[in-house]
Amino acid sequence: EMCIRDRIRTPARTENNLSHTTGSLSGSVAERIDFPEGHIIQAFTSTVSAARTSNSTSFQPSGLYATITPTSTSSKIVIQYGGPQHANGNDCHMYTTIYRGTTHLGPSNEGLTLWSTGASSTGRWKNCSLIYTDSPNTTSATTYEIWYRVNNSQGWFCYSTSYRVSMTVMEIKA
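Residues numbered from 1 in each chain as written. Predicted model: local features only at pLDDT ≥ 70, side-chain atom pairs only at ≥ 80, totals over all residues. Heavy atoms only, no water.

1. Concerning the environment of Ser-58
Mapped onto the elements, Ser-58 comes out in the loop between β2 (52-54) and β3 (60-68). Each C-alpha atom, one on Ser-58 and one on Asn-152, is 9.8 Å from the other, the two residues being 94 residues apart in sequence. If we skip the residues at most four places from it in the chain, Ser-58 touches Tyr-148 and Arg-149. (Helix = DSSP H or I, 4+ residues; strand = E, 2+ residues; numbered from the N terminus. Contact = heavy atoms within 4.5 Å.)

2. Re the pairing of strand β4 (residues 76-87)
Of all 12 residues in β4, nine are buried, a share of seventy percent or more. Alignment of β4 against strand β11 (residues 165-172), held across seven bridges, turns out to be antiparallel. Looking across to β11, one finds that Ile-77 is bridged to Glu-171. Examined bridge by bridge, β4 and strand β8 (residues 124-134) share 11 bridges and lie antiparallel to one another. Bridge assignment links Gln-80 to a residue of β8, and that residue is Ile-131. (Buried < 20%, exposed > 50% of the residue type's maximum accessible area, 1.4 Å probe, protein only. Pairing = 2+ DSSP bridges.)

3. Description of unusual backbone geometry
Not every positive phi belongs to a glycine, and Asn-137 is a case in point at roughly 55 degrees. As for its position among the elements, Asn-137 is in the loop between β8 and β9 (142-150). By relative accessible area, which is 56% here, Asn-137 ends up exposed.

4. Quick notes on the packing of aromatic side chains
Counted according to the given criterion, the structure contains two aromatic pairs. Arg-149 extends its terminal NZ or CZ atom over the ring of Phe-59, reaching a point 5.8 Å from the ring centre. Its end group placed over the ring of Tyr-95, Arg-149 keeps NZ or CZ at 3.9 Å from the ring centre. (Phe/Tyr/Trp six-rings, centres within 6.5 Å; stacked < 30°, edge-to-face > 60°. Lys NZ or Arg CZ within 6 Å of the ring centre and 35° of its normal.)

5. Focus on the pattern of salt bridges
Here the structure, examined in full by the defined rule, presents one salt bridge. Ionic pairing is found between Arg-100 and Asp-134, a salt bridge with its closest N-O pair at 2.6 Å. Placement of the pair is Arg-100 in strand β5 (residues 93-100) and Asp-134 in strand β8, with a sequence separation of 34 residues. You can call Arg-100 partly exposed: its relative accessible area is 21%. (Salt bridge = Lys/Arg side-chain N within 4 Å of Asp/Glu carboxyl O.)

6. A closer look at the nonpolar core
Within soluble globular proteins, side chains that are nonpolar generally end up buried alongside one another. Residues Tyr-81, Tyr-144, Met-167 and Val-169 are the most contacted members of the largest nonpolar core, which totals 22 residues. Elements with a minimum of two residues in this core: β3, β4, β5, β8, β9 and β11. (Core = buried A, V, L, I, M, F, W, Y, C linked by side-chain atoms within 4.5 Å.)

7. A short note on the pairing of β11
Where burial is concerned, most of β11 is hidden: seven out of the eight residues are buried. The pairing of strand β1 (residues 40-48) with β11 spans eight bridges and is classified as antiparallel. Paired with Ile-40 across the strands is Ile-172, a residue of β11.

Encoded structure:
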C-alpha cells in the first residue's frame, strides 16, 4: 500500500472520503486520489544478491521477481531490470527476458535483450538493463520474473554476493 506522508498542496476534495488541504495523509492512494493518465500509481522493487548460474540453452528463472496488483484493467505495467551478468566462454550469447506468470513476454526464444562475449575464452561480465511495458489487462496479482538462457552450453552467471541486481515494477495509469 503506497502512502503519502508529506504536505499535500491540492484543492480540498471530498470524493472517496478524502477532505484535505494541508498536513499529512495516509491511506491507499489508488482508492483516494484520481491520478491523471501517465502517472505512477504504485511501484515495487525487488533485489537479489545470491548467485544464480546455469548452462541451459532454454530459458531458466533467475529468482528475481516482483508481484503487483493493478488497480485497473487498462493500466500499463513498466518493468525495469538492471545488474551484472556473466557469460562463460568464447562467443557465448546471453539472452534475458521477462515472464508474466507462465507467459513469455519476449519474442520466441530470442528474449528481450542479447549480449555476446565475443572472442573471449574466459567469458565476460556486463552490466545489463532492460525496460519493458506490459498491458496485463487484469486487476489480479501479477508476478513478473527475469529469465536467462545462453546459445551454447558454456553457461551464464548472474550477480554475486558483492553485486545486486534489481527490478522495479510500476503501475502507470492509462
